[in-house]
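Letter by letter, the chains look like this.
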Amino acid sequence: MLSHGCFFAALLIYYIPKALGKKIKLTVNLHMFFGSLAVLGMLYETAMKFGTDKFLKYVGFSCVMLAIAATGYLITKKGKPSVKWHVIATLSFFAYLILIIVL
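Residues numbered from 1 in each chain as written. Predicted model: local features only at pLDDT ≥ 70, side-chain atom pairs only at ≥ 80, totals over all residues. Heavy atoms only, no water.

(A) Looking closely at the packing of aromatic side chains. Considering all chains together, one arrives at 11 aromatic pairs under this definition. Ring centres of Phe7 and Phe94 lie 5.9 Å apart, and the angle between their planes is 50 degrees; this geometry places the pair in the tilted category. Here Phe94 lies in helix H4 (residues 83-102) and Phe7 lies in helix H1 (residues 2-19), a separation of 87 residues in the sequence. The class of Phe7 is buried, set by a relative accessible area of 6%. Take Phe94: its relative accessible area is 26%, and that puts it in the partly exposed class. Here the aromatic rings of Phe93 and Phe94 are separated by 5.4 Å at their centres, their planes lie at 90 degrees, and the arrangement is edge-to-face. With relative accessibility at 1%, the residue Phe93 sits in the buried group. (Phe/Tyr/Trp six-rings, centres within 6.5 Å; stacked < 30°, edge-to-face > 60°. Helix = DSSP H or I, 4+ residues; strand = E, 2+ residues; numbered from the N terminus. Buried < 20%, exposed > 50% of the residue type's maximum accessible area, 1.4 Å probe, protein only.)

Written as structure tokens, this is what we have:
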């Protein structure tokens, strides 16, 4: 659950100030910090679920979180062209979450 909390904290820390027109370097750095914690937390939770029936669900979440992290890293290196891939990866988290809940 730590990973999910950090993931949503990263989203709120970034998008609330952005919606208010007050995006600053601190919010971007906090977004990256909490996003990194979310990825590490998800990898830890996946390892802890090894051997249970929920393991494959957690592997899926880990893959999505790694995709989000990879595209976030690309933004820091290549800039604006990678933003759409980061948004797509982030939206895929919610799509996967809905899929897991429905199935």
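(B) Main features of the packing of helix H2 (residues 25-48) against helix H3 (residues 55-78). As a packed pair, H2 and H3 sit with axes 9 Å apart at the nearest point and diverge in direction by 155 degrees. When the axes of H2 and H3 are compared, the pair comes out roughly antiparallel. The chirality of how H2 crosses H3 is left-handed. Here H2 contributes Met32, Ala38, Val39, Met42, Leu43, Glu45 and Thr46 to the contact with H3, which in turn contributes Phe55, Tyr58, Val59, Phe61, Ser62, Met65, Leu66, Ala69 and Thr76. Grouping the constituent residues of the contact of H2 with H3 by class yields 12 nonpolar, 3 polar and 1 charged. (Axes fitted to C-alpha atoms, helices over the stretch in contact; angles between N-to-C directions. Parallel < 35°, antiparallel > 145°, perpendicular 65-115°, else oblique. Left-handed = near helix turned anticlockwise from the far one by under 90°. Contact = heavy atoms within 4.5 Å. Nonpolar A, V, L, I, M, F, W, Y, C, P; charged D, E, K, R; others polar.)

(C) View of the nonpolar core. Judged by nonpolar contacts, the single largest core of 14 residues is most densely connected at Phe7, Met65, Ile68 and Phe93. Contributions of two or more residues to this core are made by H1, H2, H3 and H4. When residues in this core are grouped by element, the largest group, 5 residues, is from H3. Residues in contact with Ile68, not counting those within four places in the same chain, are Phe7, His86, Ala89, Thr90 and Phe93. (Core = buried A, V, L, I, M, F, W, Y, C linked by side-chain atoms within 4.5 Å.)

Fair warning: the whole summary comes from geometry, so function is off the table for now.
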